[in-house]
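Reading the structure
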Amino acid sequence: MSLQKLARELDETARQTAAMLEGITEALELLADKNLTKDASIREAVQMIVTAMQGQDRIEQRCHNMALAVRQFALLPATAPDSVYEEIWASLTLDELRVPSLSGIAAHQSHGDAELF
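Each chain has its residues counted from 1, running along the sequence as written. Predicted model: local features are reported for residues with pLDDT of at least 70 only, side-chain atom pairs are reported and counted for 80 or more only, and whole-chain, interface and lining totals are derived from all residues. Calculated side-chain values reflect all of the structure's heavy atoms, with hydrogen atoms and water omitted.

1. Digging into the packing of helix α2 (residues 40-75) against helix α3 (residues 82-90)
Two elements in contact, α2 and α3, have axes separated by 10 Å at closest approach and are oriented at 155 degrees. Taken together, the axes of α2 and α3 lie roughly antiparallel to each other. Read as a crossing pair, α2 and α3 show a hand that is right-handed. On α3, the residues that touch A69, Q72 and F73 of α2 are Y85, I88 and W89. Interaxial angle, 0 to 180 degrees, is taken between N-to-C directions of lines fitted to C-alpha atoms, where a helix line uses only the stretch in contact. In this description a helix means any DSSP run of H or I spanning at least four residues, a strand means any run of E spanning at least two, and both kinds are numbered starting from the N terminus. Any angle between 65 and 115 degrees counts as roughly perpendicular, while under 35 counts as roughly parallel, over 145 as roughly antiparallel, and the rest as oblique. We call a crossing left-handed when the near helix sits turned anticlockwise from the far one by less than a right angle, and right-handed when that turn is clockwise. The criterion used for residue contact is that any of the two residues' heavy atoms lie within 4.5 Å.

Listed below in structure tokens is the structure:
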């Protein structure tokens, strides 16, 4: 797979996760009805949805950042030193991409919750 194709796939992943939120937002609006929010389980469900939406935002941001990095990698000559690649990674916004010890840390934790990023 070419790096440009990989960047397009990352952009598409970000677009698809953003599209998911349309239906979730509609459900959240229904749950936010004043008559329903008196119920503690409804309030808890609303908070869980909001947390999941924040996770989606991080996934979307991460995909866009990785797509940007991949596009920059594609422009580099094959002889580019590793330091140039490291500089591109260091310029990304998300800490879990820049700090090797945090990269993919969500995949290594066992906490019983859905993995959001």
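That shown, we press on.
2. Structural notes on the nonpolar core
Buried residues of nine kinds, namely Ala, Val, Leu, Ile, Met, Phe, Trp, Tyr and Cys, make up a nonpolar core once their side-chain atoms join them within 4.5 Å. Here the term buried applies to any residue with accessible area under 20% of the maximum for its type, exposed to any over 50%, and partly exposed to those in between, with areas from a 1.4 Å probe on protein chains only. By size, the foremost hydrophobic cluster in this structure holds seven residues: L21, L28, L31, I42, V46, I49 and M53. Every element with two or more residues in this core is listed here: α1 (3-31) and α2. The greatest single-element share of this core, amounting to four residues, is contributed by α2. With residues up to four places along the chain from it excluded, the contact list for M53 reads L21, I24, T25 and L28. With six residues, the next largest nonpolar core counts A7, A14, C63 and A67 among its residues.

3. Focus on the pattern of salt bridges
Oppositely charged side chains can form a pair if their charged atoms are brought close together. Salt bridges are defined by distance alone: a side-chain nitrogen of Lys or Arg within 4 Å of a carboxyl oxygen of Asp or Glu. For the structure shown, the criterion picks out two salt bridges. Ionic pairing is found between R71 and D11, a salt bridge with its closest N-O pair at 2.6 Å. A residue pair is termed long-range when its members are at least 10 positions apart, and R71 in helix α2 and D11 in helix α1 qualify at 60 residues. Exposure remark for R71: the relative accessible area of 29% places this residue in the partly exposed category. Measuring nitrogen to oxygen at the nearest pair gives 2.6 Å for the salt bridge that ties R15 to E12. Taken together, the residues span about one helical turn, with R15 and E12 both in helix α1 at a distance of three residues. Among the residues examined, E12 registers a relative accessible area of 27% and is labelled partly exposed.

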